[in-house]
Amino acid sequence: GAVVSQHPSRVICKSGTSVKIECRSLDFQATTMFWYRQFPKQSLMLMATSNEGSKATYEQGVEKDKFLINHASLTLSTLTVTSAHPEDSSFYICSARGPALEVSNQPQHFGDGTRLSIL
Amino acid sequence: GQNIDQPTEMTATEGAIVQINCTYQTSGFNGLFWYQQHAGEAPTFLSYNVLDGLEEKGRFSSFLSRSKGYSYLLLKELQMKDSASYLCAVIDGYNKLIFGAGTRLAVHP
């Protein structure tokens, strides 16, 4: 079964709205969570890395004031797209990493993704 | 810079074998993943290599050569449902999982 739960799976909203996406690790403590963005027919681009209790580290070109990341506990990270515009429409995927041997020998697990459409 | 290169597209016939290559140049190396991704869905884990050699799992096998910065994914007995994108990804020295652009595989009858 799923070990990383991402919610919501789809969001359609008006331009200017802020959207929050949640990512939860279900059966393990996620010491590190990652947020990716994927545009159509392109690969996953890492946006930011967050460790529990500390500020997220953003990749070059990603606006930290636009994409707010909170990793308040070892099982929950949230990404808030503030004042979203049509160009922010994309597929956002979270990923969580915990102690490798605890979860099927896969060091990193992915959520099912959130498809964000800004009108 | 970080480079992970794989072919953009490949085609193959149902029942055949296909090999998808991946070369990488990253700041450090802590493992290589292969994922399968169908359109509109999240990637699905296929394999993880951190040591040189071949890892076999059913119809799928993955090979790694760290000295050459090279990996391949081998798919045997291809099925129509194997039509998807295959993503090569590397955990670099900063412990980040970085993806290649992906290879779109089309399996024909």
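Anything mentioned here points back to the structure above.
(A) Expanded view of the overall build of chain B. Each helix and strand in chain B was counted, giving zero helices and eleven strands. When the helices and strands of chain B are listed from N to C terminus, the series reads β-β-β-β-β-β-β-β-β-β-β. For chain B, whose C-alpha radius of gyration is 13 Å, the value lies close to the compact-globule estimate of 13 Å for 109 residues. Counting only C-alpha atoms and orienting by the principal axes, one finds that chain B spans roughly 40 × 30 × 20 Å. Taken over 109 residues, chain B has a buried fraction of 49%. Within chain B, contacts between residues separated by at least 24 positions form 55% of all contacts whose residues are at least 6 apart in sequence. Of the roughly 5200 Å² of accessible surface on chain B, a fraction of 48% belongs to carbon and sulfur atoms. Distance from the positive charge centre (8 side chains) to the negative charge centre (10 side chains) of chain B: 3 Å.

(B) Main features of the interface of chain B and chain A. Counting residues at the interface gives 19 residues for chain B and 21 residues for chain A. Between chain B and chain A lies a buried interface of about 1500 Å² when both sides are counted; carbon and sulfur atoms form 59% of it. The largest share of the area that chain B buries against chain A comes from B:Lys96, B:Leu97 and B:Phe99, three residues that together contribute 29% of it. The tally of links between chain B and chain A comes to one salt bridge.

(C) Geometry of the nonpolar core. Of all hydrophobic cores here, the largest spans 36 residues; its most connected members are B:Trp34, B:Leu75, B:Tyr86, B:Leu97 and B:Phe99. It is strand 9 (residues 84-91) of chain B that contributes the most residues to this core, seven residues altogether.

(D) Structural context of unusual backbone geometry. Residues and elements named next belong to chain A. In this structure, Pro8 follows His7 across a cis peptide bond, with omega equal to 0°. Its place among the elements puts Pro8 in the loop between strand 1 (4-7) and strand 2 (10-13). For Lys41, which is not glycine, the phi dihedral falls at a positive 60°. Following the sequence through the fold, Lys41 ends up in the loop between strand 4 (32-38) and strand 5 (45-51). Since its relative accessible area comes to 77%, Lys41 is described here as exposed.

(E) Expanded view of the sheet that holds strand 1 (residues 3-5) of chain B. All names here are of chain B. Pairing is antiparallel in the open sheet, where five strands are placed in the order 1-3-8-7-6. The open sheet has two edge strands, strand 1 and strand 6 (53-57), and neither has a second partner. Ignoring strand direction, the axes of neighbouring strands in this sheet form an average angle of 15°.

(F) Representation of the environment of A:His109 in the model. Residues and elements named next belong to chain A. Relative to the helices and strands, His109 is located in strand 10 (residues 108-110). Classification of His109 as buried rests on a relative accessible area of 8%. Along the backbone, His109 and Ser25 are 84 residues apart, and their C-alpha atoms lie at a distance of 8.8 Å.

(G) Quick look at the pairing of strand 8 (residues 76-81) of chain A. Residue and element names in this part refer to chain A. Along strand 8, six of the six residues are buried, which leaves the element largely enclosed by surrounding structure. Sheet topology note: the strand 3 (residues 19-25)/strand 8 ladder contains six bridges and is antiparallel. Across the sheet, the residue bridging to Val19 is Val81, located in strand 8. Pairing between strand 7 (residues 67-73) and strand 8: five bridges, direction antiparallel. Its bridge partner being in strand 8, Phe67 is matched across the sheet by Val81.

The rules behind these values
- Residues numbered from 1 in each chain as written.
- Chains lettered and ligands numbered in written order.
- Predicted model: local features only at pLDDT ≥ 70, side-chain atom pairs only at ≥ 80, totals over all residues.
- Heavy atoms only, no water.
- Helix = DSSP H or I, 4+ residues; strand = E, 2+ residues; numbered from the N terminus.
- Rg over C-alpha atoms; globule rule 2.2 N^0.38 Å.
- Buried < 20%, exposed > 50% of the residue type's maximum accessible area, 1.4 Å probe, protein only.
- Contact = heavy atoms within 4.5 Å.
- Areas by Shrake-Rupley, 256 points an atom, 1.4 Å probe, with all protein chains shown as cover.
- Lys, Arg positive; Asp, Glu negative; His and termini not counted.
- Charge placed at Lys NZ, Arg CZ, Asp CG, Glu CD.
- Buried area = accessible area lost by both parts, 1.4 Å probe.
- Salt bridge = Lys/Arg side-chain N within 4 Å of Asp/Glu carboxyl O.
- Core = buried A, V, L, I, M, F, W, Y, C linked by side-chain atoms within 4.5 Å.
- Pairing = 2+ DSSP bridges.
- Axes fitted to C-alpha atoms, helices over the stretch in contact; angles between N-to-C directions.

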